[in-house]
Amino acid sequence: MMKTWCLASCRRMAVPLMAALICVWPAAAAIHFVPYSVDGDFNGGVEVSVVDMDGDGDLDMAGAAFDGDEVCWWENDGSQSFTRHVVETGFGGLPRSIRAVDEEGDLLDFDGDGDVDLLAACWTANAVYWWENTGDFTFIRRDVGANVQAHTAVARDIDGDGDLDVVCTGRQLFWFENNGSQSFTGHILANDADLGQNVRAVDLDDDSDIDIIEARGGETGPRLWINNGSQQFTPQELDATFDECHFIEPADPDQDGDRDYIGASNIPGEFAWWENSGGTLTRHVIDDTLSSSSWISVADFDDDGDNDLAGSTFGGSAAVWWENDGAMNFAMHELDGSFDGYCLVAVDLDQDGRMDLVGAGRANDKVVWWRNMDDSGAKILVGPGPGPDNAPLVRRYPLINRADPEVEFAAYGADNFGVNVAVGDLDGNGVDEILTGPGPGPMYGPHVRGFTADGTPLPGVSFLAYGTPRWGVNVCSGDIDGDGFDEIITGAGPGEVFGPHVRAFDSDGGSGVFPVPGVSFFAYGTLRWGVNVASGDIDGDGFDEIVTGAGPGEVFGPHVRGWNVDGGTATAIPTVSYMAYGTNLYGVNVTCGDVDGDGIDEIVTGPGPGAVFGAHLRGWNVDGGTPTPLPGFSFFAWPAEERRGGATVSSGRDLTGDGRDEILCGLGPLEENRGYVRVWRYNGSGIEQMYELFAFTGPFRYGARVAAGRF
């Protein structure tokens, strides 16, 4: 055997640049799979089959749940939000497979009436069933064959008479002949199927009749059944040493025009492909580090002209994809390290021209689809919290391969109290710049700086926002005058003698900084503890508003306020003035983003840094009126009993290209909190965690400051 799996090496390059030390890591592959939930409570889901069930032009899917004893289908609303419709449950079948398409990829239509029927192998019932779609999505269960304990069943016209027959494998290998009226006669091929796991019905020898290939458990390997043209089948071993084969199918991964094979071996766990050279098959190991391999798919995921692979494991707790370097060397990328999946199907679910993946996780009861996107411009920025020993390092991470930052630089020449981070499109070119403000040290002034994506300082963006040499500065950006350029918005740092002074500055495309005359105001009736700032178009008028949160004083509650500018003088928005939490302590952190995809920004809040407050995030819908809580958007980013000290928050950038801004959360500034970051998505009714990042560990404490940008 030839092992072709490889790991890319990684090296660091240190480049001195002006006053900052900038470390640049080599870029990873830009392709990124973003997980989306189809169903989070599909009890023991084992397989899905993707097809346009309702003929509306988008792709739906059917599913089989073994433990839940259910067959269902999920209706796609056109934006990949799915509604589950139960076909049948509790019928004693314990379905092990599901098909809504035949082996040629066409709609599964046994009765020829133009709608989609379903086919399932039902293990406990010792039967194979098909469900007749009556045309209004009422399904009637029909028998294919009884007394057959099957793992997998597929449909194909085996005898060439124009109707769909059925092939199944399990304790036996059968094909069921359809008489044209959906009455099936079983023909047994093998009683020694050695617990067949999956089966395909294809023409393997190019003689225009349909052969069969089955994956078999035990110590016998996958087997071919060659049809002589009269439905007499002769067995041939494909690879008798590929023990506990759970999945096998013909494919052409090397794109040389002949028929190769791809397969997955369950125990001890191996993904492999067989290269066909003039009829001689040579097995190449793709990966043998993942136990309980269950499924493998082939597609060109990264659009580079060669075929990549994806695989899932059951019990091995991983879904992965392998990037082909063009010479059939494969580098592994993890999709989900805790996804116990029986199946992983390659399909362009959102029909954007990129191949996505859909999987069913039996152990975690989830059905998930991974959207294939180019994340080369989507980045996460993290700065350490205000610890007395935290250097003001800014780290930039990609969405994938987050173990190391792509870029790291020191925003200031100090060695402590961390750094506040933000982004803004200062020059209106659609690419963000980085903004920083010093942490709240007693000797650090409100020095705002701007940087390019790689950490190069912007000479024109370096200024003191206030006339004080202490307590740092909070910073954000927003296009408050509607000119297509983001302005820089600042809030005074949390000093005991510094009031909630908000200012705005026009950066003139990044070449200079000028105060915006109409934006210099005190957001609250106090002269202490500064103010937190955010900006977003919360009323849908095309101008970003300013949103403020009270500073972290021991007597200041979580008071959120909104301010209208529209290119003139900042004025309070009467309806946007509320307490985000039921407490009167330690203020509130704020951010804005279009988290529900309606084209209008929402407000997201995190508690101030009280020792008794967990990372409780809340979302608020404004739409130009009175803020109301977003349904399902009230959650703890970390368990309240584990992490306290409030939470820093950021939004305002759609990192994944799904039309909704993600929510970033960093731990609040308690000494025991490390620089941990989590990224979440709001799906309209609840919250889904997307990523976790350990940005600052070791000596770094006091939490993390976060931002997201597209560079």
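Residues numbered from 1 in each chain as written. Predicted model: local features only at pLDDT ≥ 70, side-chain atom pairs only at ≥ 80, totals over all residues. Heavy atoms only, no water.

*Asks:* Describe in detail the nonpolar core, supporting the description with residues and values.
*Replies:* Counting residues in each nonpolar core, the largest one holds 71 residues, and the members touching the most others are V48, M61, W74, L349, W370, I380 and V382. Once residues lying within four places of it in the same chain are set aside, the contact partners of V48 are M61, A62, G63, W74, I98, C343, V345, V358, A360 and V367. In terms of nonpolar packing, the next biggest core, distinct from the first, is built from 23 residues, V51, I98, A120 and C122 among them. (Core = buried A, V, L, I, M, F, W, Y, C linked by side-chain atoms within 4.5 Å. Buried < 20%, exposed > 50% of the residue type's maximum accessible area, 1.4 Å probe, protein only. Contact = heavy atoms within 4.5 Å.)

*Asks:* Let's hear about the environment of G549: which residues, and what values?
*Replies:* Examined against the element boundaries, G549 turns out to sit in strand β44 (residues 545–550). Measuring from C-alpha to C-alpha, the distance between G549 and G587 comes to 6.6 Å, with 38 residues separating the pair along the chain. In this view, G549 contacts Y524, V531, N532, H559, V588 and V590; residues no more than four positions away in its chain are not counted. (Helix = DSSP H or I, 4+ residues; strand = E, 2+ residues; numbered from the N terminus.)

*Asks:* Which residues make up the state of the cysteines, and what values go with them?
*Replies:* A complete count under the given rule lists 0 disulfides for this structure. Not part of a disulfide, C343 finds its nearest cysteine sulfur in C72, a span of 12 Å. Take C476: it sits in no disulfide, and the sulfur closest to it among the cysteines is that of C592, at 8.1 Å. The class for C476 is buried, based on a relative accessible area of 9%. (Disulfide = S-S within 2.5 Å.)

*Asks:* I'd like a rundown of the packing of aromatic side chains, residues and numbers included.
*Replies:* One pass over the structure, following the stated rule, counts 26 aromatic pairs. Measuring from centroid to centroid gives 5.2 Å for Y36 and W369, while their planes differ by 20 degrees, and the two rings are stacked. Here the residue Y36 occupies a position in strand β5 (residues 31–39), and W369 occupies one in strand β31 (residues 366–374), the gap between them amounting to 333 residues. Here Y36 and W369 have matching classes, each one buried. Grouping aromatic residues by their ring pairs yields a cluster made of F633, F635, W680 and Y682. R141 extends its terminal NZ or CZ atom over the ring of Y129, reaching a point 4.8 Å from the ring centre. In this structure, R681 is placed above the aromatic ring of Y36, and the distance from its NZ or CZ to the ring centre is 3.9 Å. (Phe/Tyr/Trp six-rings, centres within 6.5 Å; stacked < 30°, edge-to-face > 60°. Lys NZ or Arg CZ within 6 Å of the ring centre and 35° of its normal.)

*Asks:* With reference to specific residues and values, describe the confidence of the model for the protein chain.
*Replies:* Across the protein chain, the average pLDDT comes to 90, with 94% of residues at or above 70. Segment residues 1–28 is flagged for pLDDT under 50; beyond a separation of four residues in sequence, or across chains, it makes 62 contacts in the model. (pLDDT = per-residue confidence, 0-100.)

*Asks:* Describe the sheet that holds strand β45 (residues 559–564), listing the residues and the values that go with them.
*Replies:* Read from one edge to the other, the open sheet built from 4 strands follows the order β43-β44-β45-β46, with strand pairing classed as antiparallel. Two strands in the sheet have a free side with no partner beyond their single neighbour: β43 (531–536) and β46 (571–579). Across the sheet, the axes of successive neighbouring strands diverge by a mean angle of 20 degrees, strand direction being ignored. In this structure, β44 lies alongside β45, joined through 4 bridges in antiparallel fashion. Residue T548 lies in a different strand from β45, and its bridge partner there is R561. (Pairing = 2+ DSSP bridges. Axes fitted to C-alpha atoms, helices over the stretch in contact; angles between N-to-C directions.)

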